[in-house]
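Here is what each chain is made of, one letter per residue.
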Amino acid sequence: MNTPFYIARRYLFAKKSTNAINIISAISAIGVFVGSAALIIILSVFNGFEEVVLKMFNTITPEIAISPIQGKTFDPNTAYFNELRKSKEVHSFTEVLSENALLRYNDKQSVGLVKGVSTDYLKNTSLDSITIDGEFKLENRSQNYVVIGSAIQTFLMVNTTDPFNPLQFFSPKKKSNHGGSINPADDFTVLSIPVSGVFEVQQDFDNVAVVPLRFARKLLEEPVKISSIEINLNRGVDVDKFKAAIEEQIGNEFEIKDRIQQNKVLYNILGSEKWAVYIILTFILIIAIFNIIGSLTMLVIDKLKDIAILSSLGAGKALIKRIFLFEGMMITMAGCISGLIVGFIFCLLQQKFGWIKMSQDNLVITNAYPVALKWKDFLLVFLTVSIFSFMASALSSNLSVKKINHLNQDL
C-alpha cells in the first residue's frame, strides 16, 4: 500500500476541524474545473474555425501549384508536363493563365485579377460550396462565362440575373501587335463575357474573375504559355512524396508549393491566434491552481497533531511531504479531469445541436460556432494542469517539513 497516497485520500474526504479549509479546497477545485473546461472548449472552437477556414481556402487552393521562378509565364508543352498530366495519381491538371485587367460593368470600373483556367478546374466539385450567387459555370456549349469574387461584385454592383449586360475586360495590347494610335481605346483588347456566378472565400481571393482559358488567351494575347499549373491528387496519394518527385524531375527552374506554402500567412495566423489564447487562459488557470497553496497551508496547520504522531512513529520528512503533495495534486486533478469531461460533453452537444450561434445572417459558414475535438488539446490541458499543480503542491508540502523541524525543536 502507498502510505502517503492512502493518508492523502483520507484527508481529502475527511471532515476538517476548520470549515474554511473545506471552502478554500472547494474553491481551488472549482477554479481548476472552470479553467480546464473553458480552455478545452476555446481550443476546440479554434479548431472548428480553423477547419472551416481551411476548407474554404482549400476549395480554391490546389494541393500542388507549379510556377516559374523567373518570369511570369512558361510553356507547358514539354515531355515531363505531358507525362505528369496523364499520371494515375493526378485527379485534375489545370493550366492557369492570370494577369491583372480593368473590369467594367455599366458605369463602374475596377482592377481585378483575371484567372483563365482549363476544363480540369471544374473537376473540383466543392466549388459550389463557396458560390453565394448564381452558379459556378464557365462554359455552356460555345458560350463563355465568368465567375467573379464577391469583392468585384460589391464594387461594380454586378447583377448575375441580367443576361443583357455582360462584364467587360480591358487588357493592354502587346506592343509588337500595334503601333501608336490617336484613340487610346485602340491600345486595349476589349472583350465582354456574361457573369454566371459569384463566389466568396476571403479578401485576397474575392478580387478574382475566373474565366475559361481560351478567353484569357484571347484577352491577354498569349496563345501558348501559361502562368502556373494547379494539381489536385486522387485520394490516398501522399502530397509530400508527390511534391518531392516533381522537385527532383523539374530542378531549379520552377517553384512547387503545397497548400501550406501557398497560404503560409494564413496558417501562421491561425496557429499564433490559438497559442495566444492558450497562453492567456493558462495564466488564468495558474492563478486558480495556486489557490491550492492557501488550502494546503491551512491543512498542514490543522494536521499538526497528525504530523507529530507520524514523526514519532518514525515517518520521515519525505513521507510527510508526499502526503500533502498528493493531497494538492488530488484536489487540482479532480477539478481538471471533471473540467475536461464537461468540456468534452459540451463540445459534443455543440457539434450535434449547435446551440450557441454567431449571427443570424451568415451565408458563407454555419451560424453555430464550429467545434472540432483533438486529443492533443486534451493532453495539452492535462499536462499543463499537472505541471503547475505539482509546482503549487510541492511549495505547500515544504511547509509540512518546516513544521516537523519546529516540532523537533520544541521537543
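Here, every reference points to the structure presented above.
Now for a description of the structure that goes with this document. Model, not experiment: these values are computed from the prediction. What you see as residue numbers is a count from 1 along each chain, following the sequence as written. A pLDDT threshold of at least 70 governs which residues receive local features in this predicted model, and a stricter bar of 80 or more applies before side-chain atom pairs are shown or counted, although totals over entire chains, interfaces and linings include all residues. The side-chain quantities take in all heavy atoms of the structure and omit both hydrogens and water.

Take a nonpolar patch on the surface next. A cluster of nonpolar side chains, Ile337, Ile341, Phe344, Ile345, Leu348, Trp375, Leu379, Phe382, Leu383, Ile387, Phe390 and Met391, forms an exposed patch at the surface whose accessible area comes to about 1,100 Å². Each helix is a run of H or I in the DSSP string that is no shorter than four residues. Each strand is a run of E no shorter than two, and both are numbered from the N terminus. Where the nonpolar patch is concerned, the elements lending two or more residues are helix H11 (317–353) and helix H12 (375–410). Its location among the elements puts methionine 391 in helix H12. Excluding any residue in a salt bridge, patches collect residues exceeding 30% relative accessible area, merging like charges within 9 Å and nonpolar Val, Leu, Ile, Met, Phe, Trp and Tyr side chains within 5 Å. Residue burial considers only the protein chains on display, and all accessible areas are found by Shrake-Rupley using a 1.4 Å probe. Within this document, salt bridges are pairs made up of a side-chain nitrogen of Lys or Arg and a carboxyl oxygen of Asp or Glu, the two lying within 4 Å of each other.

Turning to the nonpolar core, a few remarks are in order. Leu39, Ile289, Cys336, Leu340, Val381 and Val385 are the most contacted members of the largest nonpolar core, which totals 25 residues. Among the secondary structure elements, those contributing two or more residues to this core are helix H2 (19–60), helix H8 (264–289), helix H9 (292–302), H11 and H12. When residues of this core are assigned to their parent elements, the largest contribution, 9 residues, is made by H11. Leave out the neighbours within four places in its chain, and leucine 340 touches Ser36, Ile40, Phe378, Val381 and Phe382. By nonpolar core is meant a set of buried Ala, Val, Leu, Ile, Met, Phe, Trp, Tyr and Cys residues that side-chain atoms within 4.5 Å join together. Summary of the burial criterion: residues with accessible area below 20% of their type's maximum are buried, those above 50% are exposed, and those between are partly exposed, where the area comes from a 1.4 Å probe applied to protein chains only. Throughout, a contact is declared for two residues whenever any of their heavy atoms are within 4.5 Å.

We now examine the pattern of salt bridges. According to the stated counting rule, one finds 10 salt bridges in the structure shown. Between glutamate 255 and lysine 257 there is a salt bridge, and its shortest N-O distance comes to 3.9 Å. Put simply, Arg85, Glu95 and Arg217 are held in one network by salt bridges that share partners.

In terms of burial, helix H5 (residues 213–220) is a largely internal element, 6 of the 8 residues being buried. If you check which residues of H5 are buried, you get Leu213, Phe215, Ala216, Arg217, Leu219 and Leu220. As for H5, its buried residues are in contact with strand S2 (90–105), strand S3 (108–117), strand S6 (143–144), strand S8 (167–172), strand S9 (188–193) and strand S11 (208–212). Following H5 by one or two positions, glutamate 221 adopts a phi angle in the positive range, close to 55°.

What follows is about the packing of aromatic side chains. In this analysis, rings of Phe, Tyr and Trp, with Trp reduced to its six-membered ring, are considered paired at centre separations within 6.5 Å, and the interplanar angle assigns stacked below 30 degrees, edge-to-face beyond 60, and tilted for intermediate values. Following the criterion strictly, the structure yields 11 aromatic pairs and no others. Judged by centre distance (5.5 Å) and plane angle (90°), the rings of phenylalanine 81 and phenylalanine 254 are edge-to-face. You can see phenylalanine 81 sitting in helix H3 (residues 79–85) and its partner phenylalanine 254 sitting in strand S13 (residues 254–257), a full 173 residues away along the chain. Considered together, phenylalanine 81 and phenylalanine 254 belong to a single accessibility category, that of buried residues.

On to the environment of leucine 102. In this structure, leucine 102 sits in strand S2. Since its relative accessible area comes to 27%, leucine 102 is described here as partly exposed. The sequence separation of leucine 102 and valine 114 amounts to 12 residues, and the corresponding C-alpha distance is 9.1 Å. Dropping the residues within four chain positions of it, leucine 102 is found in contact with Gln109, Ser110, Val111, Gln168, Phe169 and Phe170.

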